[in-house]
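These are the residues of each chain, in order.
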Amino acid sequence: MEKTEATVDNTPFAGHVAPELLVLDKGEGAWLYDKAGNKYLDFGSGIAVNALGYGREDMAQVVYNQMKKLIHIPPLWTTEPALELGKKLVASGPFAAVHLGNSGSEANEAALKFARLYAKRAKGEEHHKILCFENAFHGRTMGALSCTPTPKYQDPYQPLVPGVLSVPYNDVAALKAVLNAEFAAVIVEVVQGEGGMTCMTQEFAGELGALCRKHDIILIADEIQTGLYRTGSLYASLEIGLEPDILTLAKPLAGGLPLSATLLAEKVNKLIHVGEHGTTFGGGPVTTALGLFVWDKLNEPAFLAELKEKINYLDELLQKLQLDCACVGRLKGKGFLRGIEILDTKGKGEKLMPDLLEEAQAQGILVLRSGKNILRIAPSFIISRQELSFGVELLHKVLKEIE
Ligand code: PLP
C-alpha cells in the first residue's frame with residue numbers, strides 16, 4: 001500500500017489528533033479513498049456520523065436544490081425544511097419543542113442552560129447542581145466539558161463551570177448517595193461512546209429515572225452518538241425505559257452536515273422566554289433539508305428491518321472473532337456501536353492501541369478507539385453483509401499480528 005503520498009505530518013491545524021494525518025479524497029458507500037488512491041473500509045463512519053454512507057447522488061441533489069433556493073436566513077425567520085424537520089423531531093418522543101444547533105457540544109450546552117433555567121424557575125435559585133458520570137463524554141465547550149470528567153480533557157482548562165459533580169457510571173449506591181433535590185440536572189449517555197463503550201444497566205436506568213422524578217431533576221439524555229438507530233432503536237434512552245426531559249442529537253442528524261437538536265419536554269419549554277437562547281447558523285435551510293432526507297430514509301421500515309438484520313450479523317461475526325483471538329476480551333456496546341476490549345497480551349503498554357489503529361489503517365480498515373483499550377466499531381448503516389464480514393476478517397488479521 002502506497003503510504004508516503006497519503007499522509008501529512010505538517011498541517012496548519014492547532015493541536016491536531018495524531019502526529020501524521022491521512023489525507024482523504026473521496027468516499028463511496030462504506031469506503032474511503034485517500035489522495036494516493038488507497039481504499040479503506042470505514043468501520044467508524046466519521047465517528048458515527050455518516051449513517052447513509054459516502055458519495056450519494058441523492059444527498060448531493062438535496063443540498064444543491066436547497067442551496068439554489070436559500071443557503072442561510074437569520075434566526076428571526078424560518079424555512080419550510082426547518083419547520084418540517086422540527087415537527088418530526090418533536091413528534092418522535094415525549095417532547096414539546098426543539099432547539100436546532102450545529103454540533104453535539106452545542107446541543108448539550110443548550111440542554112444544560114435550559115435545565116438550569118428550569119430548576120431556578122420551578123424550584124428556586126439554589127437548585128443549580130449538575131450530575132454527570134465518570135468516563136462520560138459530552139463535548140469540549142466549557143459547559144459540556146465540565147460534564148466530561150476526564151483529566152486529560154479538563155485539566156488544561158480549569159477552572160470549569162462550578163456545581164458539577166460526577167459519580168461512577170452504573171453505580172446505584174453512589175448515585176443514591178449523591179443525588180438529591182439540590183440538583184438541577186443529570187446528564188447521561190446510555191452507551192458511553194468515547195469513554196469505553198459501557199452500556200447502562202437496566203437497574204441503573206430504573207434508579208436514575210426514579211430519583212430524577214422524585215426530586216424533579218431534569219434528566220438529559222445525551223444521544224449524540226447513540227441516537228437515530230445507532231444502537232438499533234430510535235433513542236436508546238427510551239428503549240431502556242428512561243423518560244428524558246431533554247434529549248440531545250447531532251452526529252448523523254444531517255448525514256454529515258453540522259446540525260444538532262436539543263429536544264425539550266413541555267415542562268421545560270414553557271419556562272423559556274423569547275431571546276434567552278439562540279444561534280446564527282443552527283437549523284439553517286441546507287442542513288435541515290438534508291436532515292429531513294436522512295430522517296425519512298432512516299425511518300423507512302424496510303431500511304430499519306435490514307439494519308436490524310445487519311446488527312445481528314455483526315454480533316455473530318464479533319462473537320466468532322472473540323473466540324478466535326486471545327487478545328479479545330469483552331464485547332461491549334450495542335447495535336452498530338460496538339466495542340472490542342483489547343487485552344495487552346504482549347505487554348505493549350501505551351503503544352497497544354495506537355499500534356493497533358495504525359496497523360488496521362495499513363490493512364485498509366479504519367476503526368476508532370474508545371476509552372483506554374476498546375476498539376470502537378460504528379459502521380455506516382448502508383454497509384453490506386459482505387463488507388461487514390470482510391471488515392471483521394481484516395480486523396482478525398490485525399489482531400492476530402498484535403497478539
Ligand atoms: N456527546 C457525545 C455522546 C459525543 O459522542 C460527542 C462527540 O463525540 C459529543 C457529545 C460532542 O459532539 P461534537 O464533537 O459534535 O461537539
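Refer to the structure printed above.
Calculation criteria
Residues numbered from 1 in each chain as written. Predicted model: local features only at pLDDT ≥ 70, side-chain atom pairs only at ≥ 80, totals over all residues. Heavy atoms only, no water. Helix = DSSP H or I, 4+ residues; strand = E, 2+ residues; numbered from the N terminus. Rg over C-alpha atoms; globule rule 2.2 N^0.38 Å. Buried < 20%, exposed > 50% of the residue type's maximum accessible area, 1.4 Å probe, protein only. Contact = heavy atoms within 4.5 Å. Areas by Shrake-Rupley, 256 points an atom, 1.4 Å probe, with all protein chains shown as cover. Lys, Arg positive; Asp, Glu negative; His and termini not counted. Charge placed at Lys NZ, Arg CZ, Asp CG, Glu CD. Pairing = 2+ DSSP bridges. 1 Å grid on protein atoms, 1.4 Å probe; cavity = no way out; pocket = protein on both sides within 12 Å on 5 of 7 lines; lining within 4 Å. Points joined across faces, edges and corners; volume = space filled by probe spheres on them. Nonpolar A, V, L, I, M, F, W, Y, C, P; charged D, E, K, R; others polar. Near = heavy atom within 4 Å. Polar contact = N/O pair within 3.5 Å; in protein donor to acceptor, adjacent residues only side chain to side chain.

Engineer: Explain the overall build of the chain to me, please; I cannot follow it from the model alone.
Structural biologist: Counting its regular elements, the chain contains 14 helices and 17 strands. Here the C-alpha radius of gyration of the chain, 21 Å, is about what a compact globule of 403 residues would show, namely 22 Å. When the backbone C-alpha atoms are referred to their principal axes, the chain occupies close to 60 × 55 × 45 Å. The buried share of the chain, taken over its 403 residues, is 54%. Sequence-distant contacts in the chain: of pairs separated by 6 or more residues, those separated by 24 or more amount to 71%. With an accessible surface of roughly 17,800 Å², the chain has 55% of that area assigned to carbon and sulfur atoms. Here the chain holds 41 positive side-chain charges and 49 negative ones, and the gap between their average locations is 2 Å.

Engineer: Is there a simple way to explain the pairing of strand β14 (residues 337-342) in this structure?
Structural biologist: Where a strand is regular, its side chains alternate between the two sheet faces. Counting buried positions over the six residues of β14 gives six, a clear majority of the element. Of the two faces of β14, both are covered, the one formed by Leu-337, Gly-339 and Glu-341 as well as the one formed by Arg-338, Ile-340 and Ile-342. Relative to β14, strand β13 (residues 328-334) runs antiparallel, the two sharing five bridges. Paired with Val-328 across the strands is Ile-342, a residue of β14. The loop that links β13 with its antiparallel partner β14 comprises two residues; one of these, Gly-335, has a positive phi angle of about 65 degrees. In this structure, β14 lies alongside strand β17 (residues 374-377), joined through four bridges in antiparallel fashion. Opposite Ile-340, over in β17, you have Leu-375 as the bridge partner.

Engineer: Would you mind showing me how to read the layout of surface pockets here?
Structural biologist: One way to see where empty space is left: roll a probe the size of a water molecule over the atoms. By volume, the second largest pocket is sized at about 730 Å³. Together, 26 residues line the second largest pocket, and Pro-75, Val-98, His-99, Leu-100 and Gly-282 are the ones closest to its centre. Those elements that place two or more of their residues in the lining of the second largest pocket are α3 (80-90) and β6 (97-101). In terms of residue class, the lining of the second largest pocket is made up of 13 nonpolar, twelve polar and one charged.

Engineer: In this structure, what is going on with the site of the ligand? I would like to understand it.
Structural biologist: Taken together, 13 residues surround the ligand, and among them Gly-104, Ser-105, Asp-222, Gln-225 and Lys-251 come closest. Within the contact set of the ligand, an oxygen atom lies 2.9 Å away from a backbone nitrogen or oxygen of Gly-104. Residue Ser-105 places a side-chain N or O atom 2.6 Å away from an oxygen atom belonging to the ligand. Calculation on the ligand without its partners gives an accessible area of 390 Å², and the protein chains cover 81% of this total. Residue composition of the shell around the ligand, by class: two nonpolar, seven polar and four charged.

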